[in-house]
Every structure is written in structure tokens, then in C-alpha cells.
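# Survey of secondary and tertiary structure
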Amino acid sequence: MNQILLPEAPPGSPLYEQVKQAVLAALAQGEWKQGDAIPPEKQLAERFGVSIGTLRKAIDDLAAENILVRQQGRGTYVAVHSRNSHFFKFFRIVRQDGHKSYPVTALQRFRRVRASALAREKLGLATGASVFEFSNVLSLNGELVQTDTICLPDARFSGLTERMLHERTGTLYSFYQDMFGVNVIATDERLRTCLADPQHAAWLGVAEGAPLLEVRRVAYSYSRQPVEWRVSRVNTEHYEYLGQDVALV
């Protein structure tokens, strides 16, 4: 069988990287869902026309990036978001003494609207596309700390309702996974400062014009498919952003 070379792999990429991109493409197309076992290594090696060693190196990379999970004696599975293992990979606001805690989230606004030019750019949407836009206020240790305004492509999250967001019991990314089959595996963030406008000042209980940290995030699923555009504003009086390395696939 001929080896499979995908457009996603840059020219001259090692063979294992091409196989890795082939697996990511299959995940993006929904061939295997979160929690599913992927086929045995021998079967995948035959499918991609490579040696077991090359296939194993590609799988090792995906396991290191928490996209796949090896289970001793059982096989390799598509990773599932869980509260403990994934949350602090994506939530990076901590108290200034280093204490980490889970936020309490209150939904403030929900609507379906035409995507703005910026949202279209970040999510790769066509002119006229619609998004679900909603805003949350997050409290940590009883203090109002952060607002999130989030845009999701209507096409990927068809059927989303305000009630569903109110009634979700897990993290937002677990909710995406469980209800819509969308698995966030990486993010790209940019930080800047801003001043609190009247709406965000009211939500956070700060003075209008107070300095805030603004975090702009694009969240990606497999093969760098953008699935969420988010703008967060953080009151850093007692809290700060804890940076970490994030792999983009």
C-alpha cells in the first residue's frame, strides 16, 4: 500500500509526522469519537503503508499531546476531557499567592447573531455566517474575577440553547465534547490591557475605566480547526495569568 501524504504536513516532514497528520485528519472527520479505541497499531501501519515503528512514533506524539491515551493491556483511546486532567491546561487565572481554584460561572447573556468581521476571521467563517454569542461572569473564592464573551460557529454547535448552557454540569469544553462532539485540544492566546467599559465594570464590580487584563483566545480542535473565539477580561487586583507552553496541532 502506498504511504499517505496529507496537505497538512509541511514539505519534507518526517514520515511519522505525515502519519500523525493522517490520524488527526481521521479524528477531525469523526472517524473515531472521544473515548473510542483506535484500531490496533498493525492495522493502522498497514492502512498508512508504514512500519510499526513509524506508526508508533506518531501515536507516541499524539499521546504526549493528550490527544490519545494509551491504556496498558487494552489499547489506545481518543482522549476525553475530564474536570481534573484538562481544566487547568486551559484555565490559567490563579490567585497571586499561586492558589488554583475552580470558578463559579454565571451566564449573563446569550444570543444568535451574524458573526462580526473579527469573529469570521478568527473562526474561518464566510460572510453572513451566524454564531452563538454568550457572556459569562466567573467568580473565584467568592470574588468576581473574570468575564468571558464567547462566539461559537452556528454550523458546529447547531441546536445550542441558553437553557443548555444554564444546565450544564461540567466544564465548558467537556460540554462541547459531550453535546456536540467538539474536542478542544489546543488554544492560541494573546494578552493586552484594557479599561473597563460600563458593562464589564458592572459585571465585575469595579469602577468604570479600571484597568483589566484582556485575553483573546482561539480554541482549536483536530487539524487546527478553529471552534471557539473568546475574549476574557480579568480583574488582576488579586489574581494573575499563569502562562504555560501549549502545543498547537
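Everything in this summary refers to the structure shown in the same document. (Residues numbered from 1 in each chain as written. Predicted model: local features only at pLDDT ≥ 70, side-chain atom pairs only at ≥ 80, totals over all residues. Heavy atoms only, no water.)

### Concerning the pattern of salt bridges
- Within this structure, the stated rule accounts for 17 salt bridges.
- R70 is paired through a salt bridge with D60; the nearest N and O atoms lie 2.6 Å apart. Placement of the pair is R70 in strand β1 (residues 68–71) and D60 in helix α3 (residues 52–64), with a sequence separation of 10 residues.
- Assessed through its relative accessible area of 37%, R70 is described here as partly exposed.
- Where E214 meets R233, a salt bridge forms, and the shortest distance between an N and an O atom there is 3.4 Å. Placement of E214 in strand β8 (residues 211–220) and of R233 in strand β9 (residues 226–234) is noted, with a sequence separation of 19 residues between them. Of the two residues examined, E214 and R233, each falls in the buried class. (Salt bridge = Lys/Arg side-chain N within 4 Å of Asp/Glu carboxyl O. Helix = DSSP H or I, 4+ residues; strand = E, 2+ residues; numbered from the N terminus. Buried < 20%, exposed > 50% of the residue type's maximum accessible area, 1.4 Å probe, protein only.)

### A word on the environment of L123
- Residue position: L123 is located in helix α5 (residues 117–123).
- Each C-alpha atom of the pair L123 and N235 lies 27 Å from the other, and the pair is 112 residues apart in sequence.
- Residues contacting L123, with those up to four places away along its chain left out, are V131, C151, P153, P226, V227, E228 and W229. (Contact = heavy atoms within 4.5 Å.)

Take it as geometry only, folks, not as evidence of what the structure does.
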